[in-house]
Amino acid sequence: MTGPESADPVAATDDDAAELIAQLRELAGADPADVRQVVAEVLAALDRAAGGALREHLPETIRVDAGLDAPSHA
């Protein structure tokens with residue numbers, strides 16, 4: 001053995017996601033419009049950091065809300 005086993009990265013990611021969800025729910029109780037704005041800003045920042053690759057994985061309504069895409073008119 002070379003040392004202690006490393007933590008499961010999937011479990012750590014799940015824990016991080018659960019914590020983020022809990023924090024967003026707490027914020028939403030205060031003002032859902034503020035939370036929506038924060039989420040939009042975070043998604044836009046993540047998309048910029050990913051070189052625009054994140055937007056192709058998001059539903060259209062979320063892309064529009066985050067200012068990543070113009071709404072389509074079918």
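Calculation notes
Residues numbered from 1 in each chain as written. Predicted model: local features only at pLDDT ≥ 70, side-chain atom pairs only at ≥ 80, totals over all residues. Heavy atoms only, no water. Helix = DSSP H or I, 4+ residues; strand = E, 2+ residues; numbered from the N terminus. Buried < 20%, exposed > 50% of the residue type's maximum accessible area, 1.4 Å probe, protein only. Areas by Shrake-Rupley, 256 points an atom, 1.4 Å probe, with all protein chains shown as cover. Expected span 1.5 Å × (residues − 1). pLDDT = per-residue confidence, 0-100. Contact = heavy atoms within 4.5 Å. Salt bridge = Lys/Arg side-chain N within 4 Å of Asp/Glu carboxyl O.

Helix and strand counts for the protein stand at three helices and zero strands. Listed N to C, the secondary structure of the protein is α-α-α in terms of helices and strands. Counting the 74 residues in the protein, one finds 12% classified as buried. Roughly 6,000 Å² of accessible area belongs to the protein as shown, and the carbon and sulfur atoms make up 58% of that amount.

Moving on, we get to helix H2 (residues 32–49). In a regular helix each residue adds 1.5 Å, so 18 residues correspond to 26 Å; H2 covers 26 Å between its end C-alpha atoms and thus fits that length. Within H2, the full set of buried residues consists of Val35, Ala40, Leu43, Ala44 and Asp47. At the exit of H2 stands Gly51, carrying a positive phi of roughly 65 degrees.

Do not read the predicted coordinates in detail wherever pLDDT is low. When pLDDT is averaged along the protein, the result is 79; 76% of the residues meet or exceed 70. Averaged pLDDT values over the elements of the protein bottom out at 77 in helix H1 (residues 9–30) and peak at 88 in helix H3 (residues 60–65).

For the rest of this paragraph, the subject is the environment of Gly67. Following the sequence through the fold, Gly67 ends up in the segment after H3. As a C-alpha pair, Gly67 and Leu43 span 24 residues in sequence and 9.2 Å in three-dimensional space.

With respect to the helices and strands, the residue Arg63 is situated in helix H3. In contact with Arg63, other than residues within four places in its own chain, are Arg55, Leu58, Leu68 and Asp69.

Let us look at the pattern of salt bridges. By the definition in use, this model includes three salt bridges. For Asp65, the salt bridge identified is with Arg36, shortest N-O distance 2.4 Å. Placement of Asp65 in helix H3 and of Arg36 in helix H2 is noted, with a sequence separation of 29 residues between them. The class of Arg36 is exposed, set by a relative accessible area of 56%.

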